[in-house]
Amino acid sequence: MQQPQNELTILDFHRMFSDARSMAIVGSSSSVHDWSNGDYIESHDVVVRFNRAHTEGQERHVGSRTDIVVANEGNNLRKGPSPENTVRPRCVVSYIRTPCLKKHNTRWKQPFFEWLASTPLFLCPSPEIFCCDIPQRRRGFSMGTYALASLPHFLSIEKLFVTGFTMFGSVAGGTHHYCKPPSVGAVTWHDAELERHVFGHLLGSLKCELTVTDEVAHIMEDQGYPAQRLHETTKSIQLPGPSLSLRPAWYLVERAAKVLLVTGFGLRRIAERYI
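Criteria and thresholds
Numbering of residues begins from 1 in every chain and follows the order in which that chain's sequence is written. Under the rules for a predicted model, residues below a pLDDT of 70 receive no local features and side-chain atom pairs below 80 are neither given nor counted, while totals for whole chains, interfaces and linings still include all residues. Hydrogens and water molecules were not included; the side-chain quantities draw on all heavy atoms of the structure. Put simply, DSSP H or I for four residues or longer makes a helix, DSSP E for two residues or longer makes a strand, and each gets a number counted from the N terminus. Each residue gets one of three labels from its accessible area relative to the maximum for its type: buried under 20%, exposed over 50%, partly exposed in between, using a 1.4 Å probe on protein chains only. We call two residues in contact when some of their heavy atoms are within 4.5 Å. Polar contact is defined as a pair of N or O atoms within 3.5 Å, subject to the rule that within protein one atom must be able to donate a hydrogen and the other to accept it, and that residues adjacent in sequence are counted only when both atoms are side-chain atoms. In a helix, the anticipated span is given by 1.5 Å times the number of residues less one. Classification of ring pairs rests on two measures: the distance between centres of Phe, Tyr or Trp rings, Trp counted by its six-membered ring, which must be within 6.5 Å, and the angle between planes, read as stacked under 30 degrees, edge-to-face over 60 and tilted in between. To form a nonpolar core, buried Ala, Val, Leu, Ile, Met, Phe, Trp, Tyr and Cys residues must be joined to one another through side-chain atoms within 4.5 Å. For salt bridges, the criterion is a side-chain nitrogen of Lys or Arg within 4 Å of an Asp or Glu carboxyl oxygen.

Caption draft 1: Expanded view of the environment of Ala-71. Following the sequence through the fold, Ala-71 ends up in the loop between strand S4 (68-70) and strand S5 (91-96). Here Ala-71 falls in the buried class, since its relative accessible area comes to 0%. When the C-alpha positions of Ala-71 and Asn-51 are compared, they lie 4.3 Å apart, and in sequence the two are 20 residues distant. Beyond its immediate stretch of four places on either side in the chain, Ala-71 contacts Asn-51, Val-92, Val-93, Ser-94, Trp-115 and Met-143.

Next up, the structure:
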């Protein structure tokens with residue numbers, strides 16, 4: 001099997017960003033369209049995006065520069081073009097996820113390396129998350145949670161901005177990605193309720209200066225942490241919601257859907273203990 005053309009060690013990775021003091025982690029949720037934060041994102045030393053993210057036509061909301069793409073091993077040229085031809089990052093970071101998660105045993109195959117092209121790859125074990133108790137699980141976390149648990153610490157970041165995460169719609173902001181067609185796969189593969197719990201505690205445990213957008217603030221506040229929101233002047237005008245006569249009905253629909261989602265995740269977690 002052909003290896004990536006330019007594989008980085010952790011020392012190489014640290015040297016590549018040795019002068020970095022600030023970082024913007026830009027998730028793929030369509031909630032990024034609620035703000036015009038492009039210039040603010042660009043002001044950070046390191047800009048992190050995920051998988052097959054793109055910026056063309058989205059610059060006002062997400063900026064244009066990309067320093068790091070965090071990508072899973074499932075990416076290939078059938079799913080989308082190489083990052084070398086889209087956002088042109090300085091490197092790609094990919095995690096070898098925990099071996100005890102049987103369904104996440106990573107099989108590094110040629111299609112992933114072809115997708116990388118000549119982009120340098122920093123391949124490392126997934127970070128163990130110690131900031132909170134995690135119930136028994138067989139499903140891995142998303143790349144966003146792994147990135148938050150590792151990258152600010154690897155690079156000793158002093159100022160961090162986080163946007164574009166709704167934990168698959170478990171908080172307001174929608175389930176869709178801004179950079180790819182809608183899919184139910186992410187919602188069914190990941191445990192949204194558990195991941196929101198872990199993501200919120202990770203944010204709350206950070207020692208650096210942290211600024212977030214509203215949907216990320218909701219995740220933090222759900223776990224009991226105060227959140228420093230980005231200044232109100234960067235927010236776009238919100239579209240009006242349903243009429244007053246329809247709001248009670250939509251509220252009931254939303255609550256019923258959330259109960260079904262949480263119940264489904266709970267039943268799956270119980271079943272997986274005995275598989």
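Caption draft 2: Highlighting the side chain of Asp-67. Tracing the sequence through the fold places Asp-67 in the loop between helix H3 (59-62) and S4. Engagement of the side chain of Asp-67 in a polar contact is seen with the backbone nitrogen of Val-47, the distance being 2.8 Å. When sequence neighbours within four positions are dropped, the list of residues in contact with Asp-67 reads Phe-17, Asp-45, Val-46, Val-47, Pro-89, Arg-90 and Cys-91.

Caption draft 3: Quick peek at the environment of Val-48. If you trace the backbone, Val-48 turns up in strand S3 (residues 46-50). On the accessibility criterion, Val-48 (0% relative accessible area) is buried. Residues Val-48 and Leu-151 lie 103 residues apart in sequence; the distance between their C-alpha atoms is 9.2 Å. Sequence-distant contacts of Val-48, defined by excluding residues within four places in its chain, comprise Met-23, Ala-24, Ile-25, Val-26, Ile-68, Val-70 and Leu-151.

Caption draft 4: Seen up close, helix H7 (residues 192-205). In this model H7 runs 20 Å from its N-terminal to its C-terminal C-alpha over 14 residues, within 8% of the 20 Å that 1.5 Å per residue would give. Most of H7 sits out of view: 11 of its 14 residues are buried. Listing the buried residues of H7 in full gives Ala-192, Glu-193, Leu-194, Glu-195, Arg-196, Val-198, Phe-199, Gly-200, His-201, Leu-202 and Leu-203.

Caption draft 5: Representation of the packing of aromatic side chains. Per the counting criterion, the structure on display carries 11 aromatic pairs. Centre to centre, the rings of Phe-13 and Phe-17 are 5.4 Å apart; their planes meet at 65 degrees, and the pair counts as edge-to-face. Considering the side-chain rings of Phe-13 and Phe-154, the 6.5 Å spacing of their centres and the 80 degrees angle between planes classify their relative orientation as edge-to-face. Residue Phe-13 is located in helix H1 (residues 10-16), and its partner Phe-154 is located in helix H5 (residues 143-154); the two are separated by 141 residues in the primary sequence. Three or more aromatic residues joined by ring pairs form one cluster here, namely Phe-13, Phe-17, Phe-122 and Phe-154.

Caption draft 6: Here's a closer look at the nonpolar core. Ranked by size, the top nonpolar core spans 43 residues in total, and within it Ile-68, Val-70, Leu-160 and Val-162 carry the most contacts. In terms of residues, this core owes the most to one element, H5, which gives 6 residues. Aside from chain neighbours lying at most four places away, what touches Ile-68 is Phe-13, Phe-17, Val-46, Val-47, Val-48, Arg-49, Pro-89, Cys-91, Val-93 and Leu-151. Judged by nonpolar contacts, the second largest core, of 9 residues, contains Val-87, Phe-113, Trp-115 and Leu-116.

Caption draft 7: Inspection of the pattern of salt bridges at higher detail. For the structure on display, the rule yields 7 salt bridges. Note that Arg-65 is salt-bridged to Glu-42, the shortest N-O span being 3.7 Å. With Arg-65 in the loop between H3 and S4 and Glu-42 in helix H2 (residues 38-42), this residue pair connects regions lying 23 residues apart in the sequence. Residue classification places Glu-42 among the partly exposed residues on the basis of a relative accessible area of 25%. Arg-65 is the partner of Asp-67 in a salt bridge, and the nearest nitrogen-oxygen pair spans 3.1 Å. A relative accessible area of 5% means that Asp-67 is categorised as buried.

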